[in-house]
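The residues making up each chain are set out below.
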Amino acid sequence: MVDYRTVKSVAVLEVNNPPVNALSYNVRQGLQDGIERANKDKEIKSIIIIGKGRTYPAGADISEFSKPHKGPNLIEVGLGIESSRKPVISAIHGTCLGGGLEIALFSHYRIALESAKVGFPEVALGLLPGAHGTQRLPRVAGMAFAMEIITSGRHVSAREALQHGILDKLVKGNLLSESLDFAASLPFSVPHNRRLRNVPAKGAENADRIFEVALNKVKQKQNGFIAPINCLKAVKAALLPYEEGAKIERELFMELLTSGQAKAQQYVFFAERAATRWYVSNEKNQKKCSAVPVKTTGVIGAGTMGSGIVVTLLRAGLPVILVEQDSQNLERGVNMIKGILQGSVNLKRMTSQQMNKCLQQLTPAQSLDSLHNVDLVIEAVFENLKLKEEIFGKLDEICKQQTILCSNTSTLDIDKIARATKRPDKVIGTHFFAPAFVMPLLENVYGTKTSGETIATVMNLGKTIRKIPVLVKTCHGFVANRMLARYQTEASFLLEEGCLPHEYDQVMEEFGFPMGAFKVGDLSGLDIGYRIRQELAKANGYTVTTDTRYIQGERFSSLADKLYELGRLGRKTGKGWYKYDRPGAKEAFVDPDVTDIILKHCKDAGIIRRKISTQEIVERSMYSSINEGFRCLEDGVASKPEDIDVIWLHGFGFPRYRGGPMYYASTIGLAEVYDRICYYHKTFPESSYWVPSDLLRKLATSGRNIPMSDWSTAATVNKSRL
Ligand SMILES: CC/C=C\C=C\CC(=O)SCCNC(=O)CCNC(=O)[C@H](O)C(C)(C)COP(=O)(O)OP(=O)(O)OC[C@H]1O[C@@H](n2cnc3c(N)ncnc32)[C@H](O)[C@@H]1OP(=O)(O)O
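Residues numbered from 1 in each chain as written. Predicted model: local features only at pLDDT ≥ 70, side-chain atom pairs only at ≥ 80, totals over all residues. Heavy atoms only, no water.

Engineer: I would appreciate a short explanation of the overall build of the protein chain in the present structure.
Structural biologist: Of regular secondary structure, the protein chain possesses 29 helices and 19 strands. In terms of overall size, the protein chain behaves like a compact globule, its C-alpha atoms giving a radius of gyration of 28 Å where 722 residues would be expected to give roughly 27 Å. A principal-axis box enclosing the C-alpha atoms of the protein chain has dimensions of 90 × 60 × 60 Å. For the protein chain, buried positions account for 55% of its 722 residues. Put simply, 71% of the contacts in the protein chain that link residues at least 6 apart link residues at least 24 apart. When the accessible area of the protein chain is evaluated, it comes to approximately 31600 Å², of which 52% is carbon and sulfur surface. Averaged over its 93 positive side-chain charges, the protein chain has a centre that lies 4 Å from the centre of its 77 negative ones. (Helix = DSSP H or I, 4+ residues; strand = E, 2+ residues; numbered from the N terminus. Rg over C-alpha atoms; globule rule 2.2 N^0.38 Å. Buried < 20%, exposed > 50% of the residue type's maximum accessible area, 1.4 Å probe, protein only. Contact = heavy atoms within 4.5 Å. Areas by Shrake-Rupley, 256 points an atom, 1.4 Å probe, with all protein chains shown as cover. Lys, Arg positive; Asp, Glu negative; His and termini not counted. Charge placed at Lys NZ, Arg CZ, Asp CG, Glu CD.)

Engineer: Would you mind showing me how to read the sheet that holds strand β1 (residues 2-7) here?
Structural biologist: Here we have six strands laid out as an open sheet, ordered β1-β2-β3-β4-β6-β9, and mixed in their pairing. At either margin of the open sheet sits one strand with a lone partner, and together these are β1 and β9 (169-171). Here the strands of the sheet are splayed against their neighbours by 25° on average, with no regard to which way each runs. Sheet analysis places β1 next to strand β2 (residues 10-15), joined by six bridges and oriented antiparallel. Residue pairing across strands places D3 opposite E14, the latter belonging to β2. Against the sheet, helix α7 (residues 175-184) touches β1, β2, β3 (46-51), β4 (88-92), β6 (109-113) and β9, its axis set at about 150° to β6. (Pairing = 2+ DSSP bridges. Axes fitted to C-alpha atoms, helices over the stretch in contact; angles between N-to-C directions.)

Engineer: Can you help me understand the sheet that holds strand β15 (residues 427-432) in this one?
Structural biologist: In a beta sheet, neighbouring strands are held together by backbone hydrogen bonds and run either parallel or antiparallel to one another. Here eight strands make up an open sheet; going across it, the order is β12-β11-β10-β13-β14-β15-β16-β17 and the pairing mixed. Every other strand in the sheet has two partners, leaving β12 (362-365) and β17 (468-473) as the edge strands with one partner each. Recorded for the sheet is a direction-independent mean angle of 25° between the axes of neighbouring strands. Against the sheet, helix α12 (residues 304-315) contacts β10 (297-300), β11 (320-323), β12, β13 (376-379) and β15, and its axis sits at roughly 165° relative to β10. Across the sheet, helix α25 (residues 641-651) is in contact with β16 (441-446) and β17; its angle to β17 comes to roughly 130°.

Engineer: What is the right way to read the pairing of β17 from this model?
Structural biologist: Regular strands place their side chains on alternate faces of the sheet. With six bridges connecting them, β16 and β17 associate as parallel partners. Among the inter-strand pairings, E443 is bridged to a residue of β17, identified as V470. Taken together, β16, helix α17 (residues 452-464) and β17 constitute a β-α-β crossover, and its handedness is right-handed. (Right-handed = clockwise from strand over helix to strand, strands pointing away.)

Engineer: Please explain the environment of A560 as it appears in this structure.
Structural biologist: One can find A560 in helix α22 (residues 559-565). Residue classification places A560 among the buried positions, given a relative accessible area of 19%. Placed 334 residues apart in sequence, A560 and I226 show a C-alpha to C-alpha distance of 36 Å.

Engineer: Is there a simple way to think about unusual backbone geometry in this case?
Structural biologist: The general pattern is negative phi for most residues beyond glycine and trans for most peptide bonds. A cis amide bond links P18 with the next residue in sequence, P19, at an omega value of 5°. Inspection of the secondary structure assignment puts P19 in the loop between β2 and α1 (25-40). Each neighbour pair has its own omega, and for A434 with P435 the value is -10°, a cis peptide bond. For P435, the location among the structural elements is in the loop between β15 and β16.

Engineer: Would you take a moment to explain the side chain of S24 for this structure?
Structural biologist: Along the chain, S24 falls in the loop between β2 and α1. Within the structure, the side chain of S24 is placed 2.9 Å from the side chain of N17, a separation counted as a polar contact. Setting aside its immediate chain neighbours within four residues, S24 contacts N17, D61 and E64. (Polar contact = N/O pair within 3.5 Å; in protein donor to acceptor, adjacent residues only side chain to side chain.)

Engineer: Please clarify how the nonpolar core should be interpreted in this entry.
Structural biologist: If you look at the biggest cluster of nonpolar residues, it comprises 100 residues, and the most contacted ones within it are L371, M508, W577, M622, F630 and W648. Discounting chain neighbours no more than four positions away, the residues touching W648 are M483, L484, Y487, F513, M622, S625, G653, F654 and P661. (Core = buried A, V, L, I, M, F, W, Y, C linked by side-chain atoms within 4.5 Å.)

Engineer: Teacher, can you tell me more about the site of the ligand here?
Structural biologist: Taken together, 23 residues sit near the ligand, with R54, A60, G99, R273 and R277 positioned nearest. At 2.9 Å from a nitrogen atom of the ligand is found a main-chain nitrogen or oxygen belonging to I62. Between the ligand and R273 there is a distance of 2.7 Å, counted from an oxygen atom to a side-chain nitrogen or oxygen. Considered on its own, the ligand offers 1100 Å² of accessible surface; in the complex 73% of this is hidden by protein. (Near = heavy atom within 4 Å.)

Engineer: Would you mind going over helix α23 (residues 592-605) with me for this structure?
Structural biologist: Quick reminder: α-helices carry 3.6 residues per turn. Residues three or four places apart thus point the same way. Between its terminal C-alpha atoms α23 stretches 20 Å, which fits the 20 Å expected from 14 residues at 1.5 Å a residue. V594, T595, I597, I598, H601 and C602 are the residues of α23 that are buried. An end-on view of α23 places all buried positions within 160° of arc, on one side of the element. Within α23, the exposed residues directed more than 90 degrees away from the buried face are K600, K603 and D604. (Expected span 1.5 Å × (residues − 1). Arc of directions from axis to C-beta.)

Engineer: Any chance you could explain the pattern of salt bridges here in plain terms?
Structural biologist: Pairing between side chains of opposite charge can happen when the charged atoms of each approach one another. Scanning all chains against the criterion turns up 41 salt bridges. For the salt bridge of E64 with R28, the shortest nitrogen-to-oxygen distance reads 3.0 Å. One end of the pair, E64, is in the loop between β3 and α2 (74-82); the other, R28, is in helix α1, and 36 residues separate them in sequence. In this structure, K640 and D643 form a salt bridge, with 3.1 Å as the shortest nitrogen-oxygen distance. Comparing K640 with D643 shows no difference in burial state: the two are buried. Through salt bridges with shared partners, a single network forms among E490, E496, E497, R555, R610, E616 and R620. (Salt bridge = Lys/Arg side-chain N within 4 Å of Asp/Glu carboxyl O.)

Engineer: Would you take a moment to explain the state of the cysteines for this structure?
Structural biologist: Disulfides are covalent bonds that link the sulfur atoms of two cysteine residues. One pass over the structure, following the stated rule, counts zero disulfides. Here C406 stays unpaired: no disulfide links it, and the sulfur of C399, its closest cysteine neighbor, is 11 Å away. Of the residues examined, C406 reaches a relative accessible area of 1% and is grouped as buried. (Disulfide = S-S within 2.5 Å.)

Shown next as C-alpha cells:
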C-alpha cells in the first residue's frame, strides 16, 4: 500500500491504493512506518510522499467509517510526519482531498503539478476535516479563505492554492524528478515555521466578523446541515493555542461522526456512484454493452424544456440542431437559450467567448429533415402521446439507421412511443427536470425492447453533459413522477382537511425541502398540472370538473383546478397558492383570498376541518411516496433503493442529510413505517395508494433488520427465505 524506496539521499513513500489512493488502514500504517524508517536511516536527508497512478491520496477511506477502527489514526500519522527531523515534502498531483490535504499540511513542504486540485470535501460527508485540517488551513491561507473552502468543500486549483499559501511551488512535467530537485535545495533540518503548529492563524484581527458573515451564509445556503456550522466553529478555534484548538476540533468532529446526518451523507456518496451502475433484466450480455459515440445532436421543441436541454448539450460542447416548426416559437426559443447563456456569463460561470462558442454550435431549423444525420435526437414537445408517436414515426423515416431516438416525456410509456418506429431498440426516455439547465438529475427510461447499447449511450451522455443519470424501467410516471404524484396528492388532501398552503410548506421546508409543494406548484405553474389532469381524463374516458370529488372511486381534490379557473397560475400571473408583488416575482406572500377559496371549498364539500400535526403532514407526504417507492422496487421499475434516493435528491431537492426517502425509511425502521401506512390505509380507504406494498410488508414483518442492499432481491424471494 505504501512502497518505500530511496533515490540517493531521499526516501520516497509512494502510496499505492487504487483507484484514488484513499488513506485506508494499510496506507496509514505504511506512511507511519516509512517516516520512522527514513528518520532512522542515516543516509536519508529528506522524505517525499507521493501518490502512484492518478492521484495523491484523495482522502480517508470512506468505506472504513462504518467499520471498527484499526491501526494508527490519521492524526497519529500526521503528527509523526510533522515531528520528523528530516524535511517531508508532499508531491501532489490529481486530487489532494480531505485527509490527503491534511497529510500534506502536516508535511513541511508542498509541491504540486499545475493540474492538481486540493480541497476539504468532508462537509459533503457531514463531517469536518478532523485531522487538524481546520487548525492548519487558517495558518497558511487565513481565516476567511479557510472558512470558505471548508464549508463549501470546493476543489481549489493548484494556482489558486499557491496564491493562498497552501502550496509552495508549482511544477510541470515529471513530478517526482521535480520533487527530488526541490528536496536537494532544502536545508537538512526543518525550520521552525515549516511546522504549521508553530505559526499563528492569519486574519485573527477580523475573525469575529469573518465568522459572522460565514455563519449567515451557511445558514442561508446550507440550512439544516450541522456540519458547516461545526466546520466554522472549528476554524475559529484555530485562534487558540494549537493543542486547545485541536481539542475543540476533535469534540466538534466526534459530534458530527456520531450524527445521523454524517451517516446519511456518506450513504449518499456511495448511492450516487451506485446509481451509475445499471442493470436491466432484458439485456443478456450487459457487460458487452458499450456506448456509441455521440458527436452530433438534435432537439425537437423550443419551449422551456427544449431550450433548457439545448443549453445543457451546448455547454458540454455538443453541436445541436434545434427543430421547431413555428418560426415565432423558434425565435423565442433561441432567444431563451441566448438569455440563459448570457445569465451564466453575468454570473461569471462562463466567459463571453465560451458563450459565443456555444452559440456557434447551435443550428435552428424548422424541419425534422435537418436531423437526418445526427447521432442522437431528444424530443421535447408537449406531453401528448399521439403527437410523440407521430414525431417518432417521422424521425424513424428521416434519421440514419444508427440514430438513437430519445423522448423527454415525464410520464408516457416508452414502449408505446417505440412502437411508432421500426427501431424500438434505439428508443429510450431521457427525462430532464425543470429547469433542465440547472437540475442535475437525468431519469433515463428503458422500454421492453431498448438495447443495452442504447442504454449505455444515454447513461454515458448523462455524464458527458454533467448530469446524474439514473436508469429506470418504463411505466406511467416512471419512478420520479409516480412517487411525486402521491406526495402532491396527499398535500392537496391535507389542505382540504385543515392545513393552509403556507402551513404545509413550512413543515416540509423544516423537514429539509428547499420549497414546500405549494411553492413548487406556483413555480412550475398551475396550468401544467391542470393540463396533465385533463389529458389523463381524456385518455381514460372520464371528465374532471371543479365539482369532482371522486374519480373512478378514488378521492380527488379539485382545489388546484379551482385556482386554475380563477387564472391563478402561480408566479407567472402573480397569483397562485400565494400572492406575489407582480407577475414573475419570487417572494411569496400568504393570500387571504386563497384561504377563503379553501374554506369555501371545504364548506361546499361538507368537510369539517381540523388541526393537523407536523407529524401527520410529514408522515402522509413521505410515507405515501415511500410506499410507492417499494412498489417501484417490487415491479422492477427501480432496480435498487439507491436509485430512488438519488432521484429524489437530485430531482426534487430531498434533504441530503436525510439520505433520500428510502434511506429515511430505513432510519425510521420499516416496521414503524409499515404500521403507519397500515393506519393511513385504514383511515383513508378511498385512496388505494395507501394499500401497503407487498415488498414493504415482507421486509417489515420478517422479524429481521434487512439491509437496504437486500431489499431488491427480497422482492423476488418468498417470505420463508427472508
Ligand atoms: C481523525 C480524522 C478521521 C477521518 C477524516 C476523514 C477526512 C476525509 O478524508 S473524508 C474523505 C474526503 N475525500 C473525499 O470526500 C473524496 C471523495 N472522492 C471524490 O470526490 C472522487 O472520488 C474523486 C477523488 C474526486 C475522484 O472522482 P472520479 O474520478 O469521478 O471517481 P469516482 O467515481 O468518484 O471514484 C472512483 C471510485 O473510488 C471510490 N472512492 C473515491 N473516493 C473514495 C474515498 N475517499 N474512500 C473510499 N472510496 C472512494 C468511489 O466510491 C469509486 O468507487 P466505485 O466502486 O468505482 O464506485
